[in-house]
Amino acid sequence: MTNVGSKCRVCKAPAIIDLPRHNANFCADHFLELCRRQVVKAIDHFGMFEPDDKILVAVSGGKDSLAVWDLLLELGYRADGLYIGLGIGEYSEVSAGYAQRFAAERGLHLIEIKLRDDFGYDIPTAARATRRVPCSACGLTKRHLFDQAAIDGGYTALVTGHNLDDEAAVLLGNTMRWEIGYLARQLPVLPARNGFPKKVKPLVRLTERETAAWCVVRGIDYLVDECPMAAGNRHLGHKDTLNSIEAQSPGSKAAFYLNFLERMAPLLAAHSAEEREALQTCTRCGAPSAGEVCAFCRLVETASAHDPVPVELVMRGKGGR
Ligand code: Q46
Ligand code: ZN
Ligand code: ZN
């Protein structure tokens, strides 16, 4: 991860990673220290947590969600995990194993939901049955189930592992379309409102290379493979674009996203307040909803009535990006 012979900026020991945006190399200990500092800075700066928050971490078995769970526990927060079995073929079976092992080895509480067993569908089938792109059916499912599990379990903060690369890529997409409504809500903390839990992204100051390195140095075994349904996902293309800008001009990615939060997001705050529609309660599941029956319950109804569809069938012809 670094040039042979380079030294840690802090202690001059042999470095294990170079971070061009910090214009420095770090040894393992000082790299971990830098990551902790970045997370604490995000938590403090954005007022992410109250000391008595009961945290639920959305866990996928990938590097970001396991890193954020590990970091929060290390920083002294109480945090349980929630894993959703999305039924995306072998990928889901393997990812469940990573989440379960992480929790079991550390004696942590992991709540598990299995879409096929608990709701009678899986993501490939939902995508086919509703003619949505897979990530849209998946996003709707995950948002609903994370929110509901947090509310039902009495958790006061729902944490996700979104990192700087994720947020910058979404910001680029939203900016290119001038999606003012989405831009106004693209914040690292969304307070609890209208029956939704507080949502927090503590990793927004760390890149995905840094969260991966955190896991490697901490000995966290995570699923490296990407979801097979991500092919064609616009965010991946935006990440590539930002990475080539970053390679030319280190620090651009962080400046793009963090300066948006500093300089632009406050100007959009009024817009986000206006957008807050009064919501009703879903007559089936009790969740906040724009209509009588929420989008999730409608998805369940359609997807669970459909014969199961394997991942390969949904993704046929969509491989590569
Ligand atoms: S799991 Fe789901 Fe992601 Fe797979 S289907 Fe798309 S949204 S890519 S984070
Ligand atoms: Zn050092
Ligand atoms: Zn509902």
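Predicted, not measured: the structure shown is a model, and the values here were computed from it.

Trainee: What's the story with the coordination of the zinc ion (ligand 3) in this structure? I'm lost.
Mentor: In ideal tetrahedral geometry, four donors around a metal make angles of 109.5 degrees, whereas ideal octahedral geometry with six donors gives angles of 90 or 180 degrees. Looking at the zinc ion (ligand 3), one finds its protein donor set to be Cys-282 (SG), Cys-285 (SG), Cys-294 (SG) and Cys-297 (SG), positioned 2.3 Å from the metal centre. Taken together, the four donor atoms coordinating the zinc ion (ligand 3) span angles of 107 to 113 degrees at the metal, a pattern that classifies the geometry as tetrahedral. Mapped onto the polypeptide sequence, the residues donating to the zinc ion (ligand 3) form the spacing pattern C-x2-C-x8-C-x2-C. Overall, the relative accessible area of 25% leaves Cys-285 in the partly exposed class.

Trainee: What is the right way to look at the environment of Tyr-121 in this model?
Mentor: For Tyr-121, the location among the structural elements is in the loop between α4 (115-119) and α5 (123-130). For the pair Tyr-121 and Ser-304, spaced 183 residues apart in the sequence, the C-alpha separation amounts to 4.9 Å. Setting aside its immediate chain neighbours within four residues, Tyr-121 contacts Leu-115, Arg-116, Ala-126, Thr-141, Phe-296, Leu-299, Val-300, Ala-303 and Ser-304.

Trainee: Help me understand helix α7 (residues 164-176) in this model?
Mentor: Structural remark: α-helix, 3.6 residues per turn; residues separated by three or four positions point the same way. Helix length check: α7, at 13 residues, gives a terminal C-alpha distance of 18 Å against a target of 18 Å (1.5 Å per residue), a fit within 8%. Counting buried positions along α7 gives eleven out of 13 residues, so the element sits mostly inside the fold. Regarding α7, the residues found buried are Leu-164, Asp-165, Asp-166, Glu-167, Ala-168, Ala-169, Leu-171, Leu-172, Gly-173, Asn-174 and Thr-175. Two to three positions downstream of the cap, the backbone nitrogen of Asp-165 sits 2.9 Å from a side-chain oxygen, assigning the N-cap of α7 to Asn-163. Looking one or two residues beyond α7, the residue adopting positive phi is Trp-178, at roughly 45 degrees.

Trainee: Can you help me understand a positive patch on the surface in this one?
Mentor: Positive charge collects at one region of the surface, where Arg-9, Lys-12, Arg-37 and Lys-41 lie side by side. When you line up the elements, Lys-12 lands in the segment before β1 (17-19). With relative accessibility at 54%, the residue Lys-12 sits in the exposed group.

Trainee: Even after reading the chapter, I still don't get the pattern of salt bridges, so can you show me in this structure?
Mentor: Think of it this way: side chains of opposite charge can pair up when their charged atoms draw near. A full pass over the atoms with the stated rule returns 16 salt bridges. Here Asp-18 and Arg-209 are joined by a salt bridge, their closest N and O atoms 3.0 Å apart. Taken together, the residues Asp-18 in strand β1 and Arg-209 in helix α9 (residues 208-218) connect sequence positions 191 residues apart. Taking relative accessible area as the criterion, Asp-18 reaches 21% and is therefore assigned partly exposed. Judged by its relative accessible area of 36%, Arg-209 falls in the partly exposed class. For Arg-116, the salt bridge is made with Asp-122, and the minimal N-O distance between the two is 3.0 Å. Several salt bridges converge on common partners, so that one network encompasses Glu-33, Arg-36, Asp-70, Glu-74 and Arg-218.

Definitions and limits used
Residues numbered from 1 in each chain as written. Chains lettered and ligands numbered in written order. Predicted model: local features only at pLDDT ≥ 70, side-chain atom pairs only at ≥ 80, totals over all residues. Heavy atoms only, no water. Donors = N, O, S within 2.8 Å, 3.2 Å for Na, K, Ca; no water. Tetrahedral: all angles 85-135°; square planar, octahedral: opposite > 155°, others 65-115°. Buried < 20%, exposed > 50% of the residue type's maximum accessible area, 1.4 Å probe, protein only. Helix = DSSP H or I, 4+ residues; strand = E, 2+ residues; numbered from the N terminus. Contact = heavy atoms within 4.5 Å. Expected span 1.5 Å × (residues − 1). Polar contact = N/O pair within 3.5 Å; in protein donor to acceptor, adjacent residues only side chain to side chain. Patch = residues over 30% accessible without salt bridge, like charges linked within 9 Å, V, L, I, M, F, W, Y side chains within 5 Å. Areas by Shrake-Rupley, 256 points an atom, 1.4 Å probe, with all protein chains shown as cover. Salt bridge = Lys/Arg side-chain N within 4 Å of Asp/Glu carboxyl O. Lys, Arg positive; Asp, Glu negative; His and termini not counted. Charge placed at Lys NZ, Arg CZ, Asp CG, Glu CD.

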